[in-house]
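Descriptive analysis of the structure
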Protein chains: 2
Amino acid sequence: MSNRIITVSREFGSGGRTIGRMAALKLGIPCYDQELIDKVAAESGLVREFVAEHSEDIRGGWFGYAGARDFYGRSINDTLYAAQTKVIRELAEKESCVIIGRCSDYILREDDNVLMVFIHASMEKRAERIVRQYGERDGDPYQRLKDKDRKRRAYYQLYTDRKWGAMENYQLALDSGSLGLEKCAEIIASLY
Amino acid sequence: MSNRIITVSREFGSGGRTIGRMAALKLGIPCYDQELIDKVAAESGLVREFVAEHSEDIRGGWFGYAGARDFYGRSINDTLYAAQTKVIRELAEKESCVIIGRCSDYILREDDNVLMVFIHASMEKRAERIVRQYGERDGDPYQRLKDKDRKRRAYYQLYTDRKWGAMENYQLALDSGSLGLEKCAEIIASLY
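Let us look at the structure shown here. (Residues numbered from 1 in each chain as written. Chains lettered and ligands numbered in written order. Predicted model: local features only at pLDDT ≥ 70, side-chain atom pairs only at ≥ 80, totals over all residues. Heavy atoms only, no water.)

Moving on: the overall build of chain A. Looking only at helices and strands, one finds nine helices and five strands in chain A. Ordering the α and β elements of chain A from the N terminus gives β-α-β-α-α-α-β-α-β-α-α-β-α-α. For chain A, whose C-alpha radius of gyration is 16 Å, the value lies close to the compact-globule estimate of 16 Å for 192 residues. Its C-alpha atoms give chain A principal-axis dimensions of roughly 50 × 45 × 30 Å. Within chain A, contacts between residues at least 6 apart in sequence are counted, and of these 69% link residues at least 24 apart. (Helix = DSSP H or I, 4+ residues; strand = E, 2+ residues; numbered from the N terminus. Rg over C-alpha atoms; globule rule 2.2 N^0.38 Å. Contact = heavy atoms within 4.5 Å.)

Before going further, it helps to examine the environment of Pro 30 of chain B. Residues and elements named next belong to chain B. Counting through the fold element by element, Pro 30 comes out in the loop between α1 (16–27) and β2 (31–32). In this structure, the C-alpha to C-alpha distance between Pro 30 and Gln 84, residues 54 residues apart in sequence, is 17 Å. The contact partners of Pro 30, leaving out residues within four places of it in the chain, are Ala 24, Glu 95, Ser 96, Cys 97 and Val 98.

Another point: helix α7 (residues 141–160) of chain A. All names here are of chain A. Taking 1.5 Å per residue as the helical rise, α7 with its 20 residues ought to reach 28 Å, and the 28 Å between its terminal C-alpha atoms agrees with that figure. For α7, the set of buried residues is Pro 141, Arg 144, Leu 145, Asp 149, Lys 151, Arg 152, Tyr 155, Tyr 156, Tyr 159 and Thr 160. Here the buried residues of α7 occupy an arc of 165 degrees about the axis, which is enough to place them on one side. Positioned one or two residues after α7, Asp 161 has a phi angle of 60 degrees, which is positive. (Expected span 1.5 Å × (residues − 1). Buried < 20%, exposed > 50% of the residue type's maximum accessible area, 1.4 Å probe, protein only. Arc of directions from axis to C-beta.)

Turning our attention to the relation of the copies chain A and chain B. Of the transformation placing chain A onto chain B, the axial shift is 0.0 Å and the rotation is 180 degrees, giving an RMSD of 0.0 Å. Each copy turns onto its partner about a two-fold axis. If distances are taken from each C-alpha of chain A to the rotation axis, the shortest is found for Ala 173 of chain A, at 2.4 Å. Both copies share a contact surface, since 100% of the interface residues of chain A are interface residues in chain B too. (Least-squares fit on C-alpha atoms with pLDDT ≥ 70 in both.)

All names here are of chain B. Counting buried positions over the seven residues of strand β4 (residues 114–120) gives seven, a clear majority of the element. Covered by surrounding structure in β4 are Val 114, Met 116, Phe 118 and His 120 together with Leu 115, Val 117 and Ile 119, the residues of both alternating faces. Bridge count between strand β1 (residues 5–10) and β4: six bridges; the pairing is parallel. Residue pairing across strands places Val 8 opposite Val 117, the latter belonging to β4. In this sheet, strand β5 (residues 172–175) lies alongside β4 in parallel orientation, the contact comprising four bridges. (Pairing = 2+ DSSP bridges.)

Looking now at the nonpolar core. Of all hydrophobic cores here, the largest spans 66 residues; its most connected members are Leu 108 of chain A together with Leu 108 of chain B. Every residue in contact with Leu 108 of chain B, bar those within four places of it in the chain, is listed here: Ile 5, Thr 7, Ile 88, Arg 89, Ala 92, Ile 99 and Val 114 of chain B. Judged by nonpolar contacts, the second largest core, of 40 residues, contains Leu 115 of chain A together with Val 8, Ile 29 and Cys 184 of chain B. (Core = buried A, V, L, I, M, F, W, Y, C linked by side-chain atoms within 4.5 Å.)

Let's shift gears to the interface of chain A and chain B. By a widely used convention, the size of an interface equals the accessible area lost when the partners come together. Across the boundary between the two partners, chain A contributes 19 residues, which contact 19 residues of chain B. Where chain A abuts chain B, roughly 1,500 Å² becomes buried across the two surfaces, and 67% of that area is made up of carbon and sulfur atoms. Inspection of the chain A/chain B interface yields zero salt bridges. Taken together, chain A and chain B are joined by ten residue pairs in polar contact (both at pLDDT 80 or more). (Buried area = accessible area lost by both parts, 1.4 Å probe. Salt bridge = Lys/Arg side-chain N within 4 Å of Asp/Glu carboxyl O. Polar contact = N/O pair within 3.5 Å; in protein donor to acceptor, adjacent residues only side chain to side chain.)

As a further point, take the pattern of salt bridges. All names here are of chain A. Inspection of the entire model under this criterion finds 30 salt bridges over all chains. The salt bridge partner of Asp 33 is Arg 21, with a shortest N-O separation of 4.0 Å. Of this pair, Asp 33 sits in the loop between β2 (31–32) and α2 (35–44) while Arg 21 sits in helix α1 (residues 16–27), and the two are twelve residues apart along the sequence. Residue class for Asp 33 comes out buried when judged on its relative accessible area of 0%. Salt-bridge contacts for Asp 38 lead to Arg 48; the nearest nitrogen and oxygen are separated by 2.6 Å. Here Asp 38, found in helix α2, pairs with Arg 48, found in helix α3 (residues 48–54); they are ten residues apart in sequence, far enough to count as distant. Of the residues examined, Arg 48 reaches a relative accessible area of 36% and is grouped as partly exposed. One salt-bridge network, in which partners are shared between bridges, spans Arg 17, Arg 21, Asp 33, Glu 35 and Arg 102.

Here we come to the packing of α1 of chain A against helix α9 (residues 181–190) of chain A. Residues and elements named next belong to chain A. Two elements in contact, α1 and α9, have axes whose closest approach is 8 Å; the angle formed by their N-to-C orientations is 50 degrees. Considering the angle they form, α1 stands oblique to α9. The chirality of how α1 crosses α9 is right-handed. Contacts between α1 and α9 involve Thr 18, Ile 19, Met 22, Ala 23, Lys 26 and Leu 27 from the first element and Leu 181, Glu 182, Cys 184, Ala 185, Glu 186, Ile 188 and Ala 189 from the second. (Axes fitted to C-alpha atoms, helices over the stretch in contact; angles between N-to-C directions. Parallel < 35°, antiparallel > 145°, perpendicular 65-115°, else oblique. Left-handed = near helix turned anticlockwise from the far one by under 90°.)

Here we take up the sheet that holds β2 of chain B. Within a beta sheet, neighbouring strands are joined by backbone hydrogen bonds and run either parallel or antiparallel to one another. Taken in spatial order, the ten strands make up an open sheet running β2(A)-β3(A)-β1(A)-β4(A)-β5(A)-β5(B)-β4(B)-β1(B)-β3(B)-β2(B), and their pairing is mixed. The sheet is open, and its two edges are formed by β2 of chain A together with β2 of chain B, each paired on a single side.

On the surface, Arg 153 and Lys 163 of chain A together with Arg 153 and Lys 163 of chain B cluster together to form a positively charged patch. Secondary-structure assignment places Lys 163 of chain B in the loop between α7 (141–160) and β5. (Patch = residues over 30% accessible without salt bridge, like charges linked within 9 Å, V, L, I, M, F, W, Y side chains within 5 Å. Areas by Shrake-Rupley, 256 points an atom, 1.4 Å probe, with all protein chains shown as cover. Lys, Arg positive; Asp, Glu negative; His and termini not counted. Charge placed at Lys NZ, Arg CZ, Asp CG, Glu CD.)

Residue and element names in this part refer to chain A. In this structure the tally under the stated criterion is zero disulfides over all chains. Of all cysteine sulfurs, the one in Cys 31 lies closest to Cys 97, which takes part in no disulfide; the gap is 8.4 Å. According to the relative accessible area criterion, Cys 97 is buried, its value standing at 0%. (Disulfide = S-S within 2.5 Å.)

Printed below as a string of structure tokens:
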């Protein structure tokens, strides 16, 4: 593979998605995030809304329709993960790009020319950010962060058998709350 | 505190010490590593050799003379840690500098203007490096790495009650085996 890929894994509310976009813009390469949803929906045959909601989150697996199994015994979550893996692999083969989350670090772990980045921030900074970005909602922002962290961690561990956010899986880990989004994007672009 | 401090915590064999020196050189500020030993020996009244061997390692605490307690019930390791804390705080108040390891990240955690860095690398890269740097010795280099990791982790956890190498304690974590020492030093200097 001669393309160069950057994967950006991130804690909810850390601004990792924005940092990924900023780095992609600096480098003049595409950034795949929400754009993955349509591709994965097309690949899997699953409805877009389900893909959007469960592409990093196994909650649906434990009850309701997502608990159903197909002919091969796969849950809908497994089907989603398989489609996501295929789409991410195809993108990495097609062009240089930034890919946000969705276990892309794990899916591309064997490839050369992949820069794996993790973005994190303190609970305080993340809580501030989600209230600013997504507005006040019912419930404590700290509780929302904890719920989201828990779901992403569970999803990641289920499909990768690795610990989510373990330093050794990333060439670069940045505290966006302390360094700022722009500086994080600069460092990532400088390593490309 | 108007000084700016960089703490560099690192896995054994990751080249973190060298990266810290390189960054300090780029910035024209001192780097404290072995230099701490004389200061801590003077502060604590402990012999230099003991300080050199146990400033990041609790092994000595479990047997032999290091198990002895002073009048206040402190072990020699506790005396060493207390002296180290005092020396690191004084340095941080005196001048801008790079400080290598010795729980400096934890000791200075409340201060502003501290950039906390962690350097890691794969076991393969670290094994290569220790054989190249320190020569072949009795025993498997992987075993030497594991022993050293275990001791540093235990020391850090004993005195800080934090998990050693947990991403959230560092603004910047770098895989030196993948990025190279020079690039790591550049990133650190650019964040100063």
